[in-house]
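Coordinate analysis (summary)
Okay, here's what each chain looks like letter by letter:
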Amino acid sequence: MERQDIEVFLVLAEQLHFARTAEHLRVSAATISQTIAKLERRFGAPLFYRTTRRVELTSLGRQLRDDLQPAHAQIQAAIARAIAAGHGITGTLELGYMSAAVAQVVLRLADSFRDQVPGCRVAIHETALADLFGPLRRAEVDLSVLPLPVEEQDLTVGPVLLSEPAMLAVPADHRLAHRIRVGHDEIARERVFFAETLPGYWIDHHLPVPGRLTESLPGFQEILAYVTSGHGVALVGAQTPHFYPRPGLLCIPVEGDAAFDYAVVWRTDRLRTIAETFLRHITPLTSS
């Protein structure tokens, strides 16, 4: 197997979604499909079960994933260490993140990078929803973990670090509070709160329904306060009840495969060598 084939397989084995895998690797969905088809011809059996609704690993696929992941991670870590040593890379990587749900993932990757690449450290900075792209554009951070989609001409999207199912936050006495799941059409009948700095394409992606009623608020805490007090609803990540518990706030799963993905993003014209080394180090870890 070529290195690119291994990366395609491992990322798809993690994402279990062809479009997200293509976005993660910055290639076309057709390339992902062709690569997997080539591997399946080589092995003589399917690696994935595919339906119109989901993708799952076969027993052969699970075996191949379990065998490849440790070796691939070791190779990528060795490459990162060699680059750091060859270029004499030292200093501090400034890494921004948004959302408490992302913090644990970021800290794990920062610790691993520090252990594997001597002479480098990572300083993490919690960024605000009210200033989504500002820290990157002002060069206050080298990399930032942001909620997708990010479709800004001056920014580049890298590996996805966390994906969590989307949920609808409602007050406990809301008409939908008893529901097991809720669809986008029902959500669109409600006043839906979003942060005022989120671009229109972000809202279109997460609430793809015409005629929706949306309202902007400064930040996430304000959104939760308004929802809890009965002024409307909000789309949130599945870990919201754990990290932001509030009396009288309920979160209901959204139908389908709606999700909040958080990816590493950087300024296209500014990728320091230490940031590039960090990206090489974390790529196998985020697809394992």
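Residues numbered from 1 in each chain as written. Predicted model: local features only at pLDDT ≥ 70, side-chain atom pairs only at ≥ 80, totals over all residues. Heavy atoms only, no water.

1. Focus on the UniProt feature "domain: HTH lysR-type" (unreviewed entry) in the protein chain
The UniProt feature table records "domain: HTH lysR-type" (unreviewed entry) at residues 1-58. For residues 1-58, the end-to-end C-alpha separation is 19 Å, with 62% helix and 10% strand making up the annotated structure. (UniProt positions renumbered as here; feature names shortened; annotations may be inferred. Helix = DSSP H or I, 4+ residues; strand = E, 2+ residues; numbered from the N terminus.)

2. Digging into helix α2 (residues 18-25)
What α2 keeps buried is the set F18, R20, T21, A22 and H24. The first or second residue beyond α2 is R26, which carries a positive phi of 60°. (Buried < 20%, exposed > 50% of the residue type's maximum accessible area, 1.4 Å probe, protein only.)

3. Quick look at the side chain of E164
As for its placement among the helices and strands, E164 is situated in strand β6 (residues 155-171). The charged side chain of E164 is buried without a salt bridge, its nearest counter-charge being R20 at 13 Å. Filtering out sequence-adjacent residues up to four positions away, E164 remains in contact with A101, G237, A238, Q239, A259, F260 and Y262. (Lys, Arg positive; Asp, Glu negative; His and termini not counted. Salt bridge = Lys/Arg side-chain N within 4 Å of Asp/Glu carboxyl O. Contact = heavy atoms within 4.5 Å.)

4. Remarks on unusual backbone geometry
Following L148, the chain continues to P149 via a peptide bond in cis, the omega torsion being 5°. Mapped onto the elements of the fold, P149 is located in the loop between β5 (143-147) and β6. Positive phi outside glycine occurs at L16, with the angle close to 50°. With a relative accessible area of 30%, L16 lands in the partly exposed category.

5. Regarding helix α5 (residues 100-116)
Each α-helix winds once per 3.6 residues, and so residues spaced three or four apart point in a common direction. Taking 1.5 Å per residue, 17 residues should reach 24 Å; α5 reaches 25 Å between its end C-alpha atoms and fits that length. Here α5 has its buried residues at A101, V102, A103, V105, V106, L109, A110 and F113. (Expected span 1.5 Å × (residues − 1).)

6. Details of the packing of helix α1 (residues 3-15) against α2
Axis separation between α1 and α2 bottoms out at 9 Å; the angle between their running directions is 130°. Judged by the angle between their axes, α1 and α2 are oblique. As α1 packs across α2, the resulting crossing turns out to be right-handed. Every residue of α2 that contacts α1 at E7, V8, V11, L12 and Q15 is listed here: F18, R20, T21, H24 and L25. Across the contact of α1 with α2, the residue classes break down as five nonpolar, three polar and two charged. (Axes fitted to C-alpha atoms, helices over the stretch in contact; angles between N-to-C directions. Parallel < 35°, antiparallel > 145°, perpendicular 65-115°, else oblique. Left-handed = near helix turned anticlockwise from the far one by under 90°. Nonpolar A, V, L, I, M, F, W, Y, C, P; charged D, E, K, R; others polar.)

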